[in-house]
Amino acid sequence: MNKLSLVIVATGLMALAACNKQTPAENAVDNTAAALENQADALENAADAATNEATESALENAADAVENQADAVKDSK
């Protein structure tokens, strides 16, 4: 049942997305935000693999900063 619900929700979201055409500028903003989020995820993964607390803390702080940048990009729409 959960898989069926997921498929139904995904189908609905795809239909909604097809109705809402974005401008090239909006696409660029979305792509930039997604790239920043990916960078933040990579930093968080590196923090998880860090061998000492100082490195882990620095990487987590960097990840937070990049996430804040992603949020700022999203808000600029």
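The written sequence of each chain sets the order in which its residues are numbered from 1. Given that the model is predicted, a residue must reach a pLDDT of at least 70 before its local features are reported, and side-chain atom pairs must reach 80 or more before they are shown or counted; all residues, however, enter totals for whole chains, interfaces and linings. The side-chain figures draw on all heavy atoms in the structure; neither hydrogens nor water molecules are used.

Trainee: Before we go on, may I ask you to explain helix H3 (residues 53-75) in this structure?
Mentor: Given a rise of 1.5 Å per residue, 23 residues ought to cover 33 Å, and the 33 Å separating the end C-alpha atoms of H3 matches this to within 8%. Any two residues whose heavy atoms approach within 4.5 Å are treated as being in contact. Runs of E in the DSSP output that reach at least two residues are strands. Runs of H or I that reach at least four are helices, and both are numbered from the N terminus. Of the surrounding secondary structure, the elements contacted by the buried residues of H3 are helix H2 (24-48). A distance of 3.3 Å separates the backbone nitrogen of Ala 54 from a side-chain oxygen at the start of H3, and that oxygen is part of Asn 52. Given the number of residues in a helix, its expected span is that number minus one, multiplied by 1.5 Å. Whenever a nitrogen or oxygen atom comes within 3.5 Å of another N or O atom, the pair is scored as a polar contact, on the condition that within protein one atom can donate a hydrogen and the other can accept it, and that pairs from neighbouring residues in sequence are kept only if both atoms are in side chains.

Trainee: Would you take a moment to explain the packing of H2 against H3 for this structure?
Mentor: Helix packing geometry: the angle between the two helix axes and the distance between the axes. Direction vectors running N to C along H2 and H3 enclose 170°, while the axes themselves pass 8 Å from each other. As the angle between them shows, H2 and H3 are arranged roughly antiparallel. Considering only the axes of H2 and H3, their crossing is left-handed. Mapping the contact onto sequence places Val 29, Thr 32, Ala 33, Leu 36, Glu 37, Gln 39, Ala 40, Leu 43, Glu 44, Ala 46 and Ala 47 in H2 and Glu 56, Leu 59, Glu 60, Ala 62, Ala 63, Val 66, Glu 67, Gln 69, Ala 70, Val 73 and Lys 74 in H3. Following the grouping adopted for this structure description, the nonpolar residues are Ala, Val, Leu, Ile, Met, Phe, Trp, Tyr, Cys and Pro, the charged ones are Asp, Glu, Lys and Arg, and the polar ones are all others, Gly among them. In terms of residue class, the contact of H2 with H3 is made up of 13 nonpolar, three polar and six charged. Fitted lines through C-alpha atoms give the axes, limited to the stretch in contact for helices. The angle between two N-to-C directions lies from 0 to 180 degrees. Note on terminology: angles under 35 degrees are roughly parallel, angles over 145 are roughly antiparallel, angles of 65 to 115 are roughly perpendicular, and the others are oblique. Here a crossing is taken to be left-handed if its near helix is turned anticlockwise relative to the far helix by less than a right angle, and right-handed if that turn runs clockwise.

Trainee: Got a minute to help me understand the pattern of salt bridges in this structure?
Mentor: Close approach of charged atoms lets side chains of opposite charge pair. The salt bridge criterion pairs a side-chain nitrogen of Lys or Arg with a carboxyl oxygen of Asp or Glu, the two atoms within 4 Å. The full count for this structure, using the stated rule, is one salt bridge. One salt bridge connects Lys 74 with Glu 37, and the closest N-O pair in it is separated by 2.3 Å. In this pair, Lys 74 sits in helix H3 while Glu 37 sits in helix H2, placing the two residues 37 residues apart along the sequence. Partly exposed describes any residue whose relative accessible area lies between the buried limit of under 20% and the exposed limit of over 50%, with all areas from a 1.4 Å probe on protein chains only and scaled to the type maximum. With a relative accessible area of 39%, Lys 74 lands in the partly exposed category. Since its relative accessible area comes to 29%, Glu 37 is described here as partly exposed.

Trainee: Where do I start with the environment of Glu 56 in this structure?
Mentor: As for its placement among the helices and strands, Glu 56 is situated in helix H3. Through-space distance from the C-alpha of Glu 56 to that of Asn 45 is 9.7 Å; in sequence the pair is eleven residues apart. Beyond its immediate sequence surroundings of up to four residues, Glu 56 is in contact with Ala 47 and Ala 50.

Trainee: What's the story with H2 in this structure? I'm lost.
Mentor: Counting along an α-helix, one turn takes 3.6 residues, and residues three or four places apart therefore face a common direction. Relative to the 36 Å expected for 25 residues at 1.5 Å per residue, H2 spans 36 Å between its end C-alpha atoms, a close match to the ideal helical length. Within H2, the full set of buried residues consists of Val 29, Ala 33, Leu 36, Ala 40, Leu 43 and Ala 47. Considering only its buried residues, H2 is in contact with H3.

Trainee: Just checking my understanding: could you explain the nonpolar core for this structure?
Mentor: The set of buried Ala, Val, Leu, Ile, Met, Phe, Trp, Tyr and Cys residues whose side-chain atoms join them within 4.5 Å is what this entry labels a nonpolar core. Listed in full, the eleven residues of the largest apolar core are Val 29, Ala 33, Leu 36, Ala 40, Leu 43, Ala 47, Leu 59, Ala 63, Val 66, Ala 70 and Val 73. For this core, the secondary structure elements donating two or more residues are H2 and H3. Looking at this core, the element that brings in the most residues is H2, giving six residues. Beyond its immediate sequence surroundings of up to four residues, Val 66 is in contact with Leu 36, Gln 39, Ala 40 and Leu 43.

So, to be careful, I would describe these as geometric facts and stop short of saying anything about function.
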